[in-house]
Amino acid sequence: SRHLADKALQKHPEKNEAAIQEIYLRLASRKPDRKEIEILSIVFNEQLSHFKANPEEAKRFLSQGHTKTKSATPELAAMTTVAQAILNLYEVNTKQ
């Protein structure tokens, strides 16, 4: 989820909604509707506020996994959380 979030943020710098749509499309094989974008944007903004207030926690969160991240930013940590939320959707887990 971190790599997916990183790629989406690189492709859509300063455009969080577009990054969320990119991740959703890749994982669910469809575009998110307006309500889904709103909810995931709220998740992103809440997590961004949390990780900005706790930058060391963002670094610890992003250090998990086999590969190292180049930049442990609050934005990447927040978007990784969004990617994890999308991965946990029923339709993503039951996609055939």
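Going by the structure above, here's the rest.
Worth saying up front: this structure is predicted, and the values here are computed from it rather than measured. (Residues numbered from 1 in each chain as written. Predicted model: local features only at pLDDT ≥ 70, side-chain atom pairs only at ≥ 80, totals over all residues. Heavy atoms only, no water.)

**Structural notes on the side chain of T80**
So, point 1. For T80, the location among the structural elements is in helix 5 (residues 74–87).
So, point 2. Contact partners of T80, with chain neighbours within four places excluded, come to S1, R2, A5, F61 and L62. (Helix = DSSP H or I, 4+ residues; strand = E, 2+ residues; numbered from the N terminus. Contact = heavy atoms within 4.5 Å.)

**A look at the packing of helix 3 (residues 34–53) against helix 4 (residues 55–62)**
So, point 1. At a minimum axis separation of 5 Å, helix 3 and helix 4 run at an interaxial angle of 110 degrees. Taken together, the axis directions place helix 3 and helix 4 in an arrangement best described as roughly perpendicular. Contact with helix 3, carried on its side by H50, F51, K52 and A53, involves P55, E57, A58 and F61 of helix 4 and no other residues of that element. (Axes fitted to C-alpha atoms, helices over the stretch in contact; angles between N-to-C directions. Parallel < 35°, antiparallel > 145°, perpendicular 65-115°, else oblique.)

**Examining the environment of A77**
So, point 1. Position of A77 among the secondary structure elements: in helix 5.
So, point 2. The class of A77 is buried, set by a relative accessible area of 0%.
So, point 3. For the pair A77 and A8, spaced 69 residues apart in sequence, the C-alpha to C-alpha distance is 13 Å.
So, point 4. Among residues more than four places away in sequence, those in contact with A77 are F51, A58, F61 and L62. (Buried < 20%, exposed > 50% of the residue type's maximum accessible area, 1.4 Å probe, protein only.)

**Quick notes on helix 3**
So, point 1. With 20 residues, helix 3 extends 29 Å from end C-alpha to end C-alpha; this agrees with the ideal 28 Å at 1.5 Å per step.
So, point 2. Among all positions in helix 3, only E36, I37, L40, S41, F44, L48 and F51 are buried. The buried residues of helix 3 occupy one face: seen down the axis, they fall within an arc of 125 degrees. Exposed and facing more than 90 degrees away from the buried side of helix 3 are K35, E46, S49 and A53.
So, point 3. Put simply, D33 is the residue that caps the front of helix 3, since its side-chain oxygen is 3.2 Å from the backbone nitrogen of K35. (Expected span 1.5 Å × (residues − 1). Arc of directions from axis to C-beta. Polar contact = N/O pair within 3.5 Å; in protein donor to acceptor, adjacent residues only side chain to side chain.)

Such coordinate-based values are descriptive only and should not be taken to indicate function.
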